Amino acid sequence: MSFRSLNRAVVLRRSTLAAALTMSLAGVAFAQSTTGTIFGQAEAGETVTVTGSTGVSRSAAVDDSGRYRISSLPLGTYVVTLQKNGATVDTRNNVSITVNAGTEVSFASAASAQALSSVTVTANALPAIDVSSVDSRTVITSETLERLPLGRTAESIALLAPGVVQGSDYFSGQKAGSSVVSFGGSSVSENAYYINGYNTTDPLSNLGGIGLPYGAIDQQEIYTGGYSAMYGRSDGGVISQVGKRGTNEWHFGGQVMWSPRFLAEDPADVSYANSQLPSGYQYQNKNLPGTPYRNRSGNTKWNTTYDAYIGGPLIQDKLFFFLAAEAEKQEGKTTSSAAVAQPNNTYYTYTIPKYYVKLDWNINDSNIVELTGISNKTSYEGTQYSYDYTTGTQGDFLGYDTHTKTGSDIWIGKYTSYITDDLTFSATYGQNRAIDFSTVPGMDPNLAYLSGAVNQDPSITGGTPIRNGNTILYVKNPNAKNKTHGLRLDLEYKLGDHTLAAGIDNMHFTATDEGQQVSGPGYAWIYSHATNPAKALSPSLGVGAPGGNGYYVRQYIFSTTTSMSVDQKAQYIEDRWQVNDKVLLSLGLRNDQFTNYNALGESYVDNKNQWAPRLGVSWDVFGDSTFKVFGNLGRYYLALPNSVAIRGASPSTYTYEYFTYTGIDANGNPTGLSPIGPGPVSSNGEYGQAPDAKTVTASNLKSQYQDEMILGFSKTLGANWVFGAKGTLRKLQTAIDDVCDMDRLVTKAEAQGIDPDSVNLPNGCLIFNPGRTNDFLLSKVDGSGYEKISMTNADWGFTSGAKRKYYALDMYLEHPFDGKWQARVDYTFSRSYGNTEGQVLSTIGQDDISKTQDWDAAALMVNSNGVLSNDRTHQLKAYGSYMVTPEWMLSGAMRIMSGAPKACLGYYGGDESDPVGYGSAYRFCNGKPSTLGTIGRLPWQKIVDLGVTYRPAFADNKLAFSFNVFNVFNEHKPTVLDATYETAPYTVSNTFGTTLYQTTPRYGRIAVSYDF
């Protein structure tokens, strides 16, 4: 929803002397805050009073050095008044403040004011540089959001910031179908989301978070590094939204947005790969290369969004109200690939209702209460019809797609007390009740999901695959849900040149019945064909060769449903010390504690005394706020989310059982089964056992943390421009993943004199710190206690520890909006490299947080050191708007970036072995080493979005018509390719290298809005 702002920004004239004092007067800049600061210079002994559109009124005396500062002000517009001996001598109107930043309002000497009538506000085109900040962040205001053609999500806004890239399309956020983003090379689960100071990150897996209705966003901060010790639990980035609030004037409005089907282009069709294979390799199915893999004709989507808002005073100057509601409906059609169990056309509908309500109560000038309610839900439904790839026609009704309903209801309360002019206290408490509902209407529980039906033995099928109506592989418990509650207390005290802050920051997360299992009877059939029938399929697991004509089938069982909880607590202290008129130091220290619990309430991770120092500096080089040099050193700890208990600290089953077969029944089930293995096998040892909470993680496990260094500058260029650059270096110091090679654990136990038969060996994988010496406990069979085994990196067979480094050079040039036009251009050169992406694995879309297949065994990490999945060497971003006339405005946004590295995962080594039973999961491609990027990179992405807005003068600019076009040049570039090279030794997967995801095709959006 595009609302006209209730506030107007104005740039006030600044004197050189006032600017020299800027840093000493600025407020504390805190990530995820909801307030700002007004500061400046005036004659000593005078009094400055600020009166806001939200009814807030505060005063401060100008100190002996001619400085004043009024902090922790709610966002809004203010009248700033200078008084001497009780009489008003100067006034500034319509002063707008920015969240977490200082707005300078300086006055000439009162003696120079000849008469009140001569006092004016003089505009100055000089762009302001906030020399009071030491962090790296981008703030996008509601005015900018209104002007630019953007997707209506927090992530789309975040992509405007330098160094932020869209994550793999394998992953989606808390809102169904939403994207996720990567900050500075970190994985997509390492970010934090906030609304009005409360954490709204996905409470289960930390993938994405809840955002506001678009038109309710007052300001959005995108932190890319260097933030205060007040905040943590992120080593990627932070997306923080502050919602609008009511003022002393009533405002209301609404908007209708329509992205029609006729303005949407189809995605590109995709064919099975048809490459020249190396000698000795064959495609699994020789009939598929070059044939249609996925038909995308008619796969368009369209949506309609209705928005409305109202805000104003319930009691003038005392009680304010703001309400925004949004109802979005997305519809579309998608055609599955030819490789799924049953090719189909799905006609789907997303229903996305949102609301935001805020009450602000100014009890008096010293005490404020804020209450916020947020609801953001997504409901998905789909109807499926069979699709025949031979004829390209749609067939009969098959059934229904998985019906899901996800999202959150959030309530936040905040109390702020201005105890004295120098002492401020605030308390914030919030709750988030998140649903994660999923069901499949009308599913036949007797039908097993069929995978690889095109690989069924043609001597049995006659060349026509036998299928059934089950199109759903995984189902969830319909009672799945999550809850959070959090409390933070903050105290700020101004003591001379020091601004001291201290507080606590506590969160509790609970998840119920999360996880998933295979649909139907609880198992699926996976049909395969080996081009070398005499070679064992997985000798390490005891699975032999299929023999005969090479056709075989696997019975797949997967079940992980469980409950769990997490406690995250922290304390911090910080001093922002104005060393002199030009230099500001920010000194902070944070202590985090993380505890994870399984379904029985037993802790399996308990990390305490995690000290995170933060040091920032800002130097106002010339003392006039025209040239700032800044730097930052910091450590950031990352907690393990609730989902780690799934397949980690709770019972789980993940098995395959291999067979040859002599027939296939009418429902696609194999008959005449003959085993070619010892029974169900699990490379991870997951056979449904309940693990001992004390033994599933290393007893000396350390949390993942990252160190960061930033050095940069900002400089005015003439009267209207600002340019700057910064360098960023990030180094991952400790990672968390799981290790599954229990044979090596047994070997070390024996070396330590422990009889393996005297202890209970782990049921599955163990959570550890790759590259460090990890201590594990094994319970004694006789129940008398535990034996400790210390495993070094070499004991596991790894040749190096976890490594992830990121370096970047960001450069920008900006022309702030001056009532006529604005523009900003960012260029980022960066490199993300090492052997560990982070908590997820983008090459195969694995979202088992901190339990990826990396580090499961030494063989899987061979050839792992290189560039990482979120590496983008070059990024060029630009956005801007231009008022052609008072009625017409043009706008645009552009993102150009180099592609991500391609991956190829095959069998191990030149002899195509499978040393740990993981099949085609090693970093080898046709027998040759294959680090990420060895086989090249994805194409460059060039996305251009344009918009035009018309505000007719006859409607007093309250009525607006706009038209936006996204992906103007209709690029169809692949964003994710299938990275699995083989299905069996020397047997190349027909889908290897095929496009699984691609850029969103061109579409248009029409909007009509009215704001009063």
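Just so you know, these numbers come straight off a predicted model, no measurement behind them.

**Q** How would you sum up the state of the cysteines? Please name residues and give values.
**A** One pass over the full model with this rule turns up two disulfides. With a sulfur-sulfur separation of 1.9 Å, cysteine 740 is cross-linked through a disulfide to cysteine 765. For the disulfide bridge between cysteine 740 and cysteine 765, the dihedral angle about the S-S bond is near 105°, and by the sign convention the bridge is right-handed. In this pair, cysteine 740 is assigned in the loop between β43 (737-739) and α6 (742-751) and cysteine 765 in the loop between α6 and β44 (766-768), connecting sequence segments 25 residues apart. Of the two residues, cysteine 740 and cysteine 765, both sit in the buried class. For cysteine 904, the disulfide goes to cysteine 925, at an S-S distance of 2.0 Å. Here the disulfide of cysteine 904 and cysteine 925 is right-handed, its torsion about the S-S bond being about 75°. With cysteine 904 in the loop between β51 (888-897) and β52 (924-925) and cysteine 925 in strand β52, this residue pair connects regions lying 21 residues apart in the sequence. Comparing cysteine 904 with cysteine 925, the two get one shared label, buried. Each bonded cysteine of the chain gets a number by its place in the sequence, and the pairs then read 1-2, 3-4.

**Q** Help me get a handle on unusual backbone geometry, residues and values and all.
**A** Notably, asparagine 863 is not glycine yet its phi reads approximately 70°, a positive angle. Locating asparagine 863 in the fold gives a position in the loop between β48 (821-834) and β49 (866-867). Despite not being glycine, asparagine 970 has its phi angle at roughly 50°, a positive value. Examined against the element boundaries, asparagine 970 turns out to sit in the loop between β55 (959-966) and β56 (974-977).

**Q** Talk me through the nonpolar core; I want residue IDs and the actual numbers.
**A** If you look at the biggest cluster of nonpolar residues, it comprises 42 residues, and the most contacted ones within it are Tyr604, Leu745, Phe768, Phe776, Ile789, Trp796 and Phe798. Mapped onto this core, the elements with two or more residues apiece are β35 (603-620), α6, β44, β45 (774-779) and β46 (786-791). Each residue touching leucine 745, except ones within four places of it in the same chain, is listed here: Pro762, Leu766, Phe776, Leu778, Ile789, Met791 and Trp796. Counting residues in each nonpolar core, the second largest holds 35 residues, with Leu145, Ala154, Tyr214 and Ala893 among its members.

**Q** With reference to specific residues and values, describe the pattern of salt bridges.
**A** For side chains of opposite charge, pairing can occur when their charged atoms come near one another. According to the stated counting rule, one finds 41 salt bridges in the structure shown. Aspartate 360 is the salt-bridge partner of arginine 245, the closest N and O atoms lying 2.9 Å from each other. With arginine 245 in the loop between β14 (238-243) and β15 (251-259) and aspartate 360 in strand β21 (residues 344-364), this residue pair connects regions lying 115 residues apart in the sequence. Like aspartate 360, arginine 245 is buried.

**Q** Requested: an account of the sheet that holds strand β17 (residues 282-283), with residues and values cited.
**A** The strand order across the open sheet built from three strands is β17-β58-β57, with neighbouring strands paired in mixed fashion. One side of each edge strand has no neighbouring strand; the edge strands of this open sheet are β17 and β57 (982-984). Bridging between β17 and strand β58 (residues 987-988) involves two bridges; their strand directions are parallel. By the bridge assignment for β58, glutamine 282 is matched with threonine 987.

**Q** Hey, could you go over the sheet that holds strand β2 (residues 47-52) for me, with residue numbers and the actual values?
**A** Read from one edge to the other, the open sheet built from four strands follows the order β3-β2-β5-β6, with strand pairing classed as antiparallel. What marks the edges here is a single partner per strand, and that holds for β3 (57-61) and β6 (87-96). Between one strand axis and the next, the sheet turns through 20° on average, direction left out of account. The pairing of β2 with β3 spans five bridges and is classified as antiparallel.

**Q** Could you give an account of α6, with specific residues and numbers?
**A** Among the residues making up α6, those that are buried are Met742, Leu745, Val746, Lys748 and Ala749. Along the axis of α6, the buried positions cluster into a sector of 165°, meaning they face one direction only. Of the exposed residues in α6, those oriented more than 90 degrees away from the buried face are Asp743, Thr747 and Ala751. Buried-residue contacts for α6 involve β43, β44, β45, β46 and α7 (793-796). Backbone geometry just after α6 places glycine 753 at a positive phi near 80°.

**Q** Lay out the side chain of threonine 372 with the relevant residues and their values.
**A** Tracing the backbone shows threonine 372 in strand β22 (residues 367-388). When its relative accessible area of 4% is taken as the criterion, threonine 372 is described as buried. In terms of polar contacts, threonine 372 uses its side chain to reach the side chain of asparagine 196, at 3.2 Å. The contact partners of threonine 372, leaving out residues within four places of it in the chain, are Asn196, Tyr356, Val357, Lys358, Ile410, Trp411 and Ile412.

**Q** Run through the environment of leucine 73, naming residues and quoting values.
**A** Here leucine 73 is to be found in strand β4 (residues 67-74). Considering only alpha carbons, one finds leucine 73 and threonine 54, 19 residues apart in sequence, at a separation of 9.9 Å. Those residues in contact with leucine 73 that lie beyond four places of it in its chain are Thr35, Gly36, Ile38, Val50, Val56, Arg58, Tyr78, Ile97 and Tyr418.

**Q** So what about the confidence of the model for the chain? Which residues, and what values?
**A** Confidence along the chain averages 91 in pLDDT terms, with 94% of residues attaining 70 or more. Here residues 1-31 is a poorly scored stretch, pLDDT under 50, and it has 143 contacts once near neighbours within four places are set aside; other chains count. Between residues 110-126, whose pLDDT stays under 50, and residues either more than four places distant or in other chains, the model counts 35 contacts.

**Q** Describe the pairing of strand β31 (residues 524-529), with residues and values.
**A** Taking burial as the measure, the six residues of β31 include six buried ones, the bulk of the element. Burial of β31 is two-sided: the residues Ala524, Ile526 and Ser528 facing one way and the residues Trp525, Tyr527 and His529 facing the other way are all buried. As judged from the three bridges shared by strand β26 (residues 449-451) and β31, these two strands associate in the parallel manner. Looking at β31, one finds that leucine 450 is bridged to tryptophan 525. Pairing of β31 with strand β32 (residues 551-559), which is carried by six bridges, proceeds in the antiparallel orientation. The residue bridging alanine 524 from the neighbouring strand is tyrosine 556, located in β32.

Rules used throughout
Residues numbered from 1 in each chain as written. Predicted model: local features only at pLDDT ≥ 70, side-chain atom pairs only at ≥ 80, totals over all residues. Heavy atoms only, no water. Disulfide = S-S within 2.5 Å. Helix = DSSP H or I, 4+ residues; strand = E, 2+ residues; numbered from the N terminus. Buried < 20%, exposed > 50% of the residue type's maximum accessible area, 1.4 Å probe, protein only. Core = buried A, V, L, I, M, F, W, Y, C linked by side-chain atoms within 4.5 Å. Contact = heavy atoms within 4.5 Å. Salt bridge = Lys/Arg side-chain N within 4 Å of Asp/Glu carboxyl O. Pairing = 2+ DSSP bridges. Axes fitted to C-alpha atoms, helices over the stretch in contact; angles between N-to-C directions. Arc of directions from axis to C-beta. Polar contact = N/O pair within 3.5 Å; in protein donor to acceptor, adjacent residues only side chain to side chain. pLDDT = per-residue confidence, 0-100.

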